Amino acid sequence: MSLHVMVIGLNHITAPVEIREQITFARDHDGSVTRSLLNLEGVEEAVVLSTCNRAEVIVMTVDLENAADRILRVVGEAHGLDVQPYREFFYVKGAADAVRHVFRVTASLDSMVLGEPQILGQVKDSYRHSTLLNASGPVLNRLMHRAFFTAKRVRNETGVGKAAISVAYVAVDLARKILGELTDKRVLLIGAGEMAELAARHLMSQVDRPVTIINRTYDTACALAVQLCGNAIPMDELDIGLAEADVVISSTGSREPIIQPEQMMVAMRRRRNRPIFIIDIAIPRDVDPEVNDIDGVYLYNIDDLQSVAQENLGERQQEALKAEKIVNEEVAKFMAWTRSLDAAPTIVALKDKLEEIRIREMARLNGKLSGLSPGEREAVEIITRSIINKIAHDPISFLRKSGISSKRNVYLDVAQKLFRLNGGLPAELSHHGSETEEE
Amino acid sequence: MDLLFFKITIVLYLGAALGYLTFLVISSGAQPWIGFLLAVGGFAVHSLSILHRAIFSGFVPLATPFDVVSFFSWVIVGLFLMIRYRDPSPIFGSIVTPLAAVLLLYASTLSYQIKEPIVPVLKTWWLPIHVVLAVAGNAIFALMATGGLMYIVQERLIKTKRIGRLHHLLPSLETLDTINRHGLPFGFFLLTIGIISGALWAGSVWGFYWSWDPKETWSLITWFAYAAMVHQRVVLGWRGKRAAVLAILGFALVMFTFLGVSVLLGGHHAFTGNSRFMGPSRL
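Residues numbered from 1 in each chain as written. Chains lettered and ligands numbered in written order. Predicted model: local features only at pLDDT ≥ 70, side-chain atom pairs only at ≥ 80, totals over all residues.

Draft legend 1. The confidence of the model for chain A, seen in detail. Here chain A averages 86 in pLDDT, and 94% of its residues register 70 or above. Predicted confidence is poor over residues 423-439 of chain A, with pLDDT under 50, and the contacts of this stretch with residues over four places away or in other chains come to 28 contacts. (pLDDT = per-residue confidence, 0-100. Contact = placed C-beta atoms within 7 Å.)

Structure follows, in structure tokens:
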């Protein structure tokens, strides 16, 4: 049997969100979609993957040409709609392309946010679902395990998932690089607006101590303090706040800077030079830029954070190039493995045929051999078996190795013709090799 | 066989340095395992080398300049491997492993022959006490200077908002300042009792504790420098960049006192064998 991995699906690149909302395989919770895929002619194994940015089915099929239509029909039925108008949103990938796609998805190279870590878990869940339904077999088992292995290699050998690419995460990373562990640090919010709250959320999840909030109108500060389980202080105690805090997020609507260099210098003396990280997300700015020149003060405004995020994204993309190389290596290994499976039926047929000839000839000579003692008969058996093994050895090892050669179909074809083998051979192997070749 | 372990150690440390530096240039994802493993291997063979010297000399292997510099390098690598547990920044390794290798290369140019019979002055337990204390103190100062160097670079990167690869590879400012904060009292304490033990040793063999030998003078200068550093840190709350700069300047002074004075100014710590009291050399 010639086995092919095939992927059919849509993702954030090929389909807009309105379409992605409709195709989610939501009904596969009970395994019904997976089962109807397995019922299709030519489909042997199936994994259904659905995340908020993609919905796809991964199958092992022996009929690459016709499987796509059948699978799409099942996808349509599963969502109670006619799939024809949606065809343009789907990609259909076969053989090496499909394998590469699965590896790239699992390694988060195909994600909307390059390198985001959740996808690996989602793929693992989908695969587990499939194994529980007995829907995965030798090919998809190996495929998925190689995909997880590839994702692990990408994570360990490249920085695709490393650098922070959202402003909130960049701020937290920077805070860590300045202050070390954040759990025991103090956060001060200046301004009680929505912006401050948004910016502080991720930071506050890293910090154990209650946040302090300062606002021009004290009542608003108190309201937000209740919401964030923090405490509020009035505006005229800003200097005390600056002396105590380790991270300051400022987002007031003030026209003039509210933190001046002189003021900050005094605060630094009070803090005994403990470093302080100030994030100024207000426009116009709340903190005089010269504050950054004071020893131990690290001032970042929203543009600074954004440009770091941008740079980090560039770094991830750079790393993604390394990751693609790893993926290509792993795809090549996997394809070599599937090809060695291709040769197996021919090898079995060859062995069977030779053994059959041997037995037939032994039977034909039965009369002439009847004079032999059991020991001599045994010797003849051994000799004949050893002769056919020796003859078959080279062709068989050649066929095994031909899995990596691009001419493999020709070799298998020739082998079948030379030995006039038949039986157990997939029809497409003996004639055309159109769809699977990588060249 | 003479210095076989020692030579293997040099090769391993150089390999580790190469591993770390290559890592800095090309890779970015994983840890620099090659450099680290070579450093660990180097440290193990280095330990064997010191053990071998101990067996060879029949006493603590600290009686020649060669042994003292080798021991210095050994303590630095040992401390590095300990700190690495807390902070596995590859930059640290790429400074410490070349430093260790260079020290050993320097040691290999120094005299390592133990002259028989060993002068009585060196055949006393004051030798290991004094040398171990002084060398351990110096090793801590070396790591503080390394940390200081990294601090200055990292601080500059954050201030000027150049958040690139180097920034990600360097430890946090907090970690780097911690090296200074913890190292300073330890190093200063070791330096102090190192000097005192030297004076007591001198008193026990020559009858006078202090002779204003160049090494003694420069040790005292170094001691005052670090005393000032402790004062700035504890009383004035100096930390971060200023503490880092002081750690680097202080270590420059340490290296001059430790290695330079003996070569340039002579005295009874001289490397050459013609000083007034000692006959064979030591540091």
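Draft legend 2. Molecular detail of the interface of chain B and chain A. On the chain A side, the residues contacting the 19 residues of chain B number 21 residues. Within the residue set of the side of chain B that touches chain A, elements represented by two or more residues are α5 (126-159), α6 (165-169), α7 (173-206) and α9 (240-264) of chain B. Its residues assigned to classes, the side of chain B that touches chain A comprises 5 nonpolar, 9 polar and 5 charged. (Helix = DSSP H or I, 4+ residues; strand = E, 2+ residues; numbered from the N terminus. Nonpolar A, V, L, I, M, F, W, Y, C, P; charged D, E, K, R; others polar.)

Draft legend 3. Local environment of the packing of helix α6 (residues 138-157) of chain A against helix α12 (residues 302-364) of chain A. Residue and element names in this part refer to chain A. Relative orientation of the contacting elements α6 and α12 amounts to 155°, with a least axis distance of 10 Å. In this view, α6 runs roughly antiparallel relative to α12, as classed from their interaxial angle. Classified by chirality, the crossing of α12 by α6 is right-handed. Contact with α6, carried on its side by Arg-142, Leu-143, Arg-146, Thr-150, Arg-153, Val-154 and Glu-157, involves Ala-323, Ile-326, Val-327, Glu-330, Phe-334 and Trp-337 of α12 and no other residues of that element. Within the contact of α6 with α12, the residues separate by chemical class into 7 nonpolar, 1 polar and 5 charged. (Axes fitted to C-alpha atoms, helices over the stretch in contact; angles between N-to-C directions. Parallel < 35°, antiparallel > 145°, perpendicular 65-115°, else oblique. Left-handed = near helix turned anticlockwise from the far one by under 90°.)

Draft legend 4. The confidence of the model for chain B, seen in detail. Residue and element names in this part refer to chain B. A residue-level look at chain B finds 87% of positions with pLDDT of 70 or above and a mean pLDDT of 83. Confidence drops under pLDDT 50 across residues 271-283; counting only partners more than four residues distant or on other chains, this segment forms 38 contacts. As scored by the predictor, the complex reaches a pTM of 0.72 and an ipTM of 0.82.

Draft legend 5. Focus on the pairing of strand β8 (residues 247-250) of chain A. Residue and element names in this part refer to chain A. Burial along β8 is two-sided: Val-247 and Ile-249 and Val-248 and Ser-250, pointing in opposite directions, are all buried. Pairing geometry for strand β5 (residues 187-190) and β8, over 4 bridges, is parallel. Following the sheet pairing, Val-187 is matched in β8 by Val-247. Crossover handedness for the path β8 to helix α11 (residues 261-270) to strand β9 (residues 276-280): right-handed. (Buried ≥ 20, exposed ≤ 12 C-beta atoms within 10 Å, placed from the backbone. Pairing = 2+ DSSP bridges. Right-handed = clockwise from strand over helix to strand, strands pointing away.)

Draft legend 6. Spotlight on helix α5 (residues 118-132) of chain A. Residues and elements named next belong to chain A. Here α5 spans 21 Å end to end across 15 residues, near enough to the 21 Å set by a 1.5 Å rise per residue. For α5, every residue scored as buried is listed here: Ile-119, Leu-120, Val-123, Ser-126, Tyr-127 and Ser-130. Buried residues along α5 cover an arc of 125° about the axis, so they all sit on one side. Along α5, exposed side chains directed more than 90 degrees from the buried face belong to Gln-118, Gly-121 and Leu-132. (Expected span 1.5 Å × (residues − 1). Arc of directions from axis to C-beta.)

Draft legend 7. Just the sheet that holds β9(A), in detail. Residue and element names in this part refer to chain A. Across the sheet, 6 strands lie side by side as β7-β6-β5-β8-β9-β10; this open sheet has parallel pairing. Here the strands that pair on one side only, and so sit at the sheet edges, are β7 (231-234) and β10 (297-301). Each adjacent strand pair in this sheet contributes to an overall mean axis angle of 20°, direction not counted.

Draft legend 8. Quick peek at helix α3 (residues 64-78) of chain A. All names here are of chain A. Relative to the 21 Å expected for 15 residues at 1.5 Å per residue, α3 spans 21 Å between its end C-alpha atoms, a close match to the ideal helical length. All of the buried residues along α3 are Leu-64, Ala-67, Ile-71, Val-74, Val-75 and Ala-78. Down the axis of α3, the smallest arc covering the buried residues is 100°, so these residues share one side. Lining the buried residues of α3 we find β1 (4-11), α2 (32-38), β2 (43-51), β3 (54-61) and β4 (91-94). Looking one or two residues past α3, Gly-80 carries a phi angle of roughly 60°, positive in sign.

Draft legend 9. Summary view of the sheet that holds β3(A). All names here are of chain A. If you trace the 4 strands from one edge of the open sheet to the other, you get β2-β3-β1-β4, paired in antiparallel fashion. Where the open sheet ends on each side, the last strands, each with one partner, are β2 and β4. For this sheet, the mean inter-axis angle between neighbouring strands, taken without regard to orientation, is 15°. Of the strand pairs in this sheet, β2 and β3 are connected by 8 bridges, and their pairing is antiparallel.

Draft legend 10. Molecular detail of unusual backbone geometry. Residue and element names in this part refer to chain A. Residue Pro-284 follows Ile-283 across a cis peptide bond; omega there is -5°. Note on placement: Pro-284 falls in the loop between β9 and β10. Despite not being glycine, Asn-134 has its phi angle at roughly 60°, a positive value. Position of Asn-134 relative to the elements: it lies in the loop between α5 and α6. Residue class for Asn-134 comes out exposed when judged on the 12 C-beta atoms lying within 10 Å of it.

Draft legend 11. Just the packing of helix α3 (residues 65-86) of chain B against α5(B), in detail. Residues and elements named next belong to chain B. Where α3 contacts α5, the two axes come as close as 9 Å, and the packing angle between them is 50°. The angle between α3 and α5 falls in the class oblique. In this structure, the crossing between α3 and α5 has a hand that is right-handed. Residue-level inspection shows Val-68, Phe-71, Phe-72, Val-75, Ile-76, Leu-79, Phe-80 and Ile-83 of α3 in contact with α5, the latter providing Val-131, Val-135, Ala-136, Asn-138, Ala-139, Ile-140, Ala-142 and Leu-143. Class assignment of the residues belonging to the contact of α3 with α5 gives a composition of 15 nonpolar, 1 polar and no charged.

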